[in-house]
Amino acid sequence: DTITVKTLAEKMRINAGEVIKKLMELGTLATINQEIDADTATIVANEMGFEVQVKVELDKEAQLMMKEPEDDAENLRWRPPVVTIMGHVDHGKTSLLDAIRHTHVTASEEGGITQHIGAYQVEHKGRKITFVDTPGHAAFTAMRARGAKVTDIAIVVIAADDGVMPQTVEAINHARAADVPIIVAINKIDKPGADPEKVKRELTEYNLVPEAWGGDTIFVEVSAKEKLNLPELLEMILLVAEVGEFKANPNRAARGTVIEAELDKGRGPVATVLVQNGTLRVGDFIIAGVAYGKVRAMMDYTGRRVSKAGPSTPVEVLGFSGVPPAGELFYTVEDEKFGKQLIDERFTKKREEEFRLSAPKISLDDLFNQIQEGQVKELNIIIKADVQGSVEAVRQSLEQMGNSEVRVNVIHGGVGAITESDIMLASASNAIIIGFNVRPVENARNAVETEKVDIRLYRIIYDAIEDIKKAMSGLLEPEY
Ligand code: GDP
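All figures in this text were calculated on a predicted structure; none of them were measured in a lab.

1. A look at the overall build of the chain
When its secondary structure is counted, the chain shows 16 helices and 24 strands. Buried residues in the chain amount to 46% of all 480 residues. Summed over its atoms, the accessible surface of the chain is roughly 24700 Å², and 49% of this surface lies on carbon and sulfur atoms.

See below:
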């Protein structure tokens, strides 16, 4: 937290010069517009006989987190485990997901599955299990990079006729990095060349050792094709879930993760979300990244409309203003006004970020700071104008402008529009381009964007010189 000298002085109704003097006594050189930190401001104010209360204004993002208290243990209920299937390509991830879906989704529901959604639930012995269908550890880790922790249990699938392959190892490492328990499913045991024992031997190298061999890894030998041992696999998932004690509080505002989302021509933005805590209801105000809206309708994985979805339930949500990215966390907020302010804040932050990323290497606006940080000792300029006379006039004025700290170099000057090669030169030499009665040529536009060069267009030479003078005068050591 900071305050400018000027604001501090105003608050104390004291001349800013007095504050600057006091700061100097305390060993800090500051100008009137300089930001000083809360501690320094407090010392100065105290010295001048004022009391200071430092108010920390939390932004909405922080307030949102404050609204997310830990749940008391007594409010927590068992929730279905969320399972992801990972493994080497062609080892049967998709087949296994499909086989489980077809065997364990009841027939009536099966008929209702009209379109694919990124997650589904099955029931085994009266307990539900949620499968998230984002096969591949890349998607898994992309989600994790966003801060989403969706998966409770990872099933690493290995084809019994192929054994441990590079992506098997990656899957193991990704699951471990996420601290997610692993169940090994040795698949394709129906195949003539299947050798599950060999797979087990190979896996000991990665510290996945079956219980029978003195380890603690659960192995299940399955065939997605022949639908062999699928109930055993589900049994093991529930066993691991039992140990993991996956719980959530259904009686609170919902939050969770966007599994996938797209723009549907008829229905608008459609997002498949996984509720991870609380209960999501139709009519809730929901926020995911900068997408937001009132939940207009929800469908479960069978396509049936539902009015609410509790922990570990995947649902399709209609009502978002835009398409949130997969892996984005969603929250519901009771106070819609707060929600809109939060979105506003996120938009601003996003713009700032984009702006920062696309900020020119050197710009007149930022010249002063860049010099102060010692990043700039020379101001390189390229001048393009409609007539040679203008080029020369500006060159002379600018080159006389240098001072002991910054030298002005006109590295190139010429007649004609600003071309791609001007931009490349500016980019390579960290230069600013000044144009008089000229503009960038059409095909230079892309280069402008990618090279992030500051281009200033003027009609009057005087304006250009004034602008640069102003930027330069910021370079001069402040005097008191
Ligand atoms: P993914 O790339 O890991 O999703 O693998 P797929 O599920 O697409 O399966 C790759 C191939 O292996 C397909 O041709 C499947 O039909 C076949 N396959 C999958 N599971 C089995 C199985 O249990 N037994 C046999 N024989 N083939 C299988």
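2. Examining helix α8 (residues 166–177)
For α8, which comprises 12 residues, the first-to-last C-alpha distance of 16 Å matches the rise-based estimate of 16 Å (1.5 Å per residue) to within 8%. D179 sits one or two residues past α8 and shows a positive phi near 60 degrees.

3. Here we look at the packing of aromatic side chains
In this structure the tally under the stated criterion is 3 aromatic pairs. Each ring, one from F285 and one from Y292, has its centre 6.1 Å from the other, and the planes form 35 degrees; the classification is tilted. We classify Y292 as partly exposed; its relative accessible area is 29%. Note on F436 and Y458: the rings are 6.1 Å apart at their centroids and 35 degrees apart in plane angle, and the pair reads as tilted. Here the residue F436 occupies a position in strand β23 (residues 431–436), and Y458 occupies one in strand β24 (residues 455–458), the gap between them amounting to 22 residues. Since its relative accessible area comes to 1%, F436 is described here as buried.

4. Considerations on unusual backbone geometry
Glycine aside, a negative phi is what most residues show, and trans is what most peptide bonds show. In the Ramachandran plot, R13 falls in the positive-phi region, its phi being about 55 degrees despite a non-glycine side chain. Along the polypeptide, R13 turns up in the loop between α1 (5–12) and α2 (16–25). A residue is classified by how much of its surface remains accessible, and R13, at 79% relative accessible area, is exposed. The residue K125 is not glycine, and still its phi comes out positive at about 50 degrees. Relative to the helices and strands, K125 is located in the loop between β5 (119–124) and β6 (127–132).

5. A short note on the pattern of salt bridges
Taken as a whole and judged by the stated rule, the model has 23 salt bridges. Residue E221 pairs with K200 through a salt bridge whose shortest N-O separation is 3.0 Å. Highlighted residues: E221 in strand β9 (residues 218–221) and K200 in helix α9 (residues 196–204), separated in sequence by 21 residues. Residue class for K200 comes out buried when judged on its relative accessible area of 12%.

6. Looking at the packing of α2 against helix α3 (residues 38–47)
At a minimum axis distance of 10 Å, the contact between α2 and α3 shows a crossing angle of 110 degrees. Classed by the angle they form, the pair α2 and α3 counts as roughly perpendicular. From α2, V19, K22 and L23 reach across to α3, where they touch T40, V44 and E47. Looking at the contact of α2 with α3 residue by residue, the class counts come to 3 nonpolar, 1 polar and 2 charged.

7. Regarding the pairing of strand β7 (residues 153–159)
Counting buried residues in β7 gives 7 out of 7 residues, a clear majority hidden from the surface. As defined by bridge partners, strand β4 (residues 82–87) adjoins β7 across 5 bridges and the pair is classed as parallel. Each bridged residue has a counterpart across the sheet, and for I85 the counterpart in β7 is I155. Taken together, the 6 bridges between β7 and strand β8 (residues 182–187) define a ladder with parallel strand orientation. From the neighbouring strand, A159 faces β8, where its bridge partner is N187. Each parallel crossover has a hand, and the one from β7 via α8 to β8 is right-handed.

Calculation rules
- Residues numbered from 1 in each chain as written.
- Predicted model: local features only at pLDDT ≥ 70, side-chain atom pairs only at ≥ 80, totals over all residues.
- Heavy atoms only, no water.
- Helix = DSSP H or I, 4+ residues; strand = E, 2+ residues; numbered from the N terminus.
- Buried < 20%, exposed > 50% of the residue type's maximum accessible area, 1.4 Å probe, protein only.
- Areas by Shrake-Rupley, 256 points an atom, 1.4 Å probe, with all protein chains shown as cover.
- Expected span 1.5 Å × (residues − 1).
- Phe/Tyr/Trp six-rings, centres within 6.5 Å; stacked < 30°, edge-to-face > 60°.
- Salt bridge = Lys/Arg side-chain N within 4 Å of Asp/Glu carboxyl O.
- Axes fitted to C-alpha atoms, helices over the stretch in contact; angles between N-to-C directions.
- Parallel < 35°, antiparallel > 145°, perpendicular 65-115°, else oblique.
- Contact = heavy atoms within 4.5 Å.
- Nonpolar A, V, L, I, M, F, W, Y, C, P; charged D, E, K, R; others polar.
- Pairing = 2+ DSSP bridges.
- Right-handed = clockwise from strand over helix to strand, strands pointing away.

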